[in-house]
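# Structure assessment
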Amino acid sequence: MLNETFTYGIEIEYTGATNRQVTDAINAAGIGCANEGYNHITRSHWKLVTDATVTRGGMGGELVSPILRGDAGLATLKTVLAAMNSVEGINVNRNCGIHIHVAWPNMTVDQMTDIAIRYAKFEDEIDLFMPLSRRGSRAGGGFCATVKDTNWTRIKSRSNDCPRTMGNLSPRNNKVNLQSYLRHKTIEFRHHSGTTEYTKISNWVKFVLAFVEKTISMAPAPRVAASSRAYANFRTHVENAGGTMSYRGFKWTVITENGYSVAYTIEEMNSFHVGSATGQHSDTWTSAEWALDHDKFNAFLSDNFPSAQ
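For clarity, every value in this text was computed on a predicted model and none was experimentally measured.

About the thresholds
- Residues numbered from 1 in each chain as written.
- Predicted model: local features only at pLDDT ≥ 70, side-chain atom pairs only at ≥ 80, totals over all residues.
- Heavy atoms only, no water.
- Helix = DSSP H or I, 4+ residues; strand = E, 2+ residues; numbered from the N terminus.
- Contact = heavy atoms within 4.5 Å.
- Lys, Arg positive; Asp, Glu negative; His and termini not counted.
- Charge placed at Lys NZ, Arg CZ, Asp CG, Glu CD.
- Axes fitted to C-alpha atoms, helices over the stretch in contact; angles between N-to-C directions.
- Parallel < 35°, antiparallel > 145°, perpendicular 65-115°, else oblique.
- Left-handed = near helix turned anticlockwise from the far one by under 90°.
- Nonpolar A, V, L, I, M, F, W, Y, C, P; charged D, E, K, R; others polar.
- Buried < 20%, exposed > 50% of the residue type's maximum accessible area, 1.4 Å probe, protein only.
- Pairing = 2+ DSSP bridges.
- Phe/Tyr/Trp six-rings, centres within 6.5 Å; stacked < 30°, edge-to-face > 60°.
- Lys NZ or Arg CZ within 6 Å of the ring centre and 35° of its normal.
- Core = buried A, V, L, I, M, F, W, Y, C linked by side-chain atoms within 4.5 Å.
- Expected span 1.5 Å × (residues − 1).

## Quick word on the overall build of the chain
Counting its secondary structure elements, the chain contains ten helices and 13 strands. The dimensions of the chain, computed from C-alpha atoms along their principal axes, are 80 × 35 × 30 Å. In the chain, the proportion of contacts linking residues at least 24 apart, taken out of those at least 6 apart, comes to 64%. For the chain, the separation between the mean place of its 31 positive charges and that of its 29 negative charges on side chains is 2 Å.

## Digging into the environment of Pro-163
Relative to the helices and strands, Pro-163 is located in helix 5 (residues 163-169). Put simply, Pro-163 and Leu-178 are 15 residues apart on the chain and 8.9 Å apart in space, counted from C-alpha to C-alpha. Non-local contacts of Pro-163, meaning those with residues more than four positions away in its chain, are made with Val-109, Tyr-181 and Leu-182.

## Description of the packing of helix 4 (residues 152-159) against helix 10 (residues 294-304)
Two elements in contact, helix 4 and helix 10, have axes separated by 11 Å at closest approach and are oriented at 135 degrees. Between helix 4 and helix 10, the interaxial angle falls into the category oblique. When you trace helix 4 past helix 10, the crossing you get is right-handed. Of the residues in helix 10, those touching helix 4 at Arg-154, Ser-157 and Arg-158 are His-294, Asp-295 and Asn-298. Considering only residue class, the contact of helix 4 with helix 10 consists of no nonpolar, three polar and three charged.

## A look at unusual backbone geometry
Its identity as a non-glycine residue notwithstanding, Asn-106 has a phi of 55 degrees, on the positive side. Assessed through its relative accessible area of 69%, Asn-106 is described here as exposed.

## Brief notes about the sheet that holds strand 10 (residues 251-255)
A sheet is described by the order of its strands in space; here three strands give the open sequence 9-10-11, paired in antiparallel fashion. Each having just a single partner strand, strand 9 (244-248) and strand 11 (261-265) make up the two edges of the open sheet. Each neighbouring strand pair of the sheet contributes to a mean axis angle of 25 degrees, computed without reference to strand direction. Packed on one face of the sheet, helix 8 (residues 232-240) meets strand 9 and strand 10 and runs near 135 degrees to strand 9.

## A closer look at the packing of aromatic side chains
Inspection of every chain in the model, using the stated rule, returns 15 aromatic pairs. Summarising the aromatic geometry, the rings of Phe-207 and Phe-211 are spaced 5.9 Å apart at their centres and angled 40 degrees between planes, so their arrangement reads as tilted. Of this pair, Phe-207 and Phe-211 both sit in helix 7 (residues 198-218), four residues apart, roughly one helical turn. Classification of Phe-207 by relative accessible area gives partly exposed; the value is 24%. Here Phe-211 falls in the buried class, since its relative accessible area comes to 6%. Each member of the aromatic cluster is reached from another via a ring pair, and the members are Tyr-119, Phe-129, Phe-189, Trp-204, Phe-207 and Phe-211. In this structure, Arg-118 packs its charged tip against the face of Phe-211, placed 4.6 Å from the ring centre.

## What to know about the nonpolar core
Inside soluble globular proteins, nonpolar side chains tend to come together where they are buried. With 54 residues, the main nonpolar core has Ile-10, Val-102 and Phe-189 as its most contacted residues. The contact partners of Ile-10, leaving out residues within four places of it in the chain, are Leu-63, Val-64, Ser-65, Leu-68, Leu-77, Ile-98, His-99, Ile-100, Ile-201 and Val-205. Core analysis: the second largest hydrophobic core is formed by 17 residues, Tyr-231, Met-245, Trp-252 and Tyr-264 among them.

## Points about helix 7
Between its terminal C-alpha atoms helix 7 stretches 30 Å, which fits the 30 Å expected from 21 residues at 1.5 Å a residue. Every buried residue of helix 7 is accounted for by Ile-201, Ser-202, Trp-204, Val-205, Val-208, Leu-209, Phe-211, Val-212 and Thr-215. Packed against the buried residues of helix 7 are strand 1 (7-14), helix 2 (70-85), strand 6 (98-103), helix 3 (109-127) and strand 8 (187-189).

What follows is the structure, given as structure tokens:
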């Protein structure tokens, strides 16, 4: 059974028939469907829209679902696809794709970027699910490009928990599209090749939802930094990456993930921050509110905690 905490939407690109023919077939099957012009409005009904990548001479388009949930959503999908496949000439080609939008309550920047980071880690294996046209760096004619060439960790750190910043920094036509959050409050998976087969689409929905659920569940509980801790924000990131920090002899010592010891003076520690004070006295470096210089701090993480990147 699908976890009903998550909602999903499906976009199915096709060729070989008109939007009107597909609309009529779905309505005849008892599922509300409208033939609409090009738009990105989320409807409570299924809709047919034109799509520049597949619509040619009035033939071909995109079938877009309403918000679906759980096994009931898949049951409706099965009925819709049976009606769609009853239309004479319905087909797909290498320009067609399947896009899955996923949402859950209280989505965060960390969750969404963690999904993209983990997808990049397993992208080569997921590519093997797909035909050759949907593999590699420029899959789908560049409309579902690799996520491995995007520095998601940098986007995550620069976003400062702001979804709009995250969306503006991340590419749209990736196998995983985070810009989708700005318009639909979803994360979009664009990787799958075009098909009108229920088994293929339903299995892909199940995989995507399981991937999202597992990634979210893997995130460690956030540490709450006490405001009295020196360099609290810096230390929290180090501890979340598996390291430790201690202060002795006017130097901060960081124990890295490999067990190495790296020492920093107070002035060097201050240089990792924006607008921080300098000096040897504790009242110049106990503030927990200093903002990290993301470029310098990410370079520090890359050197000392590579697995956290």
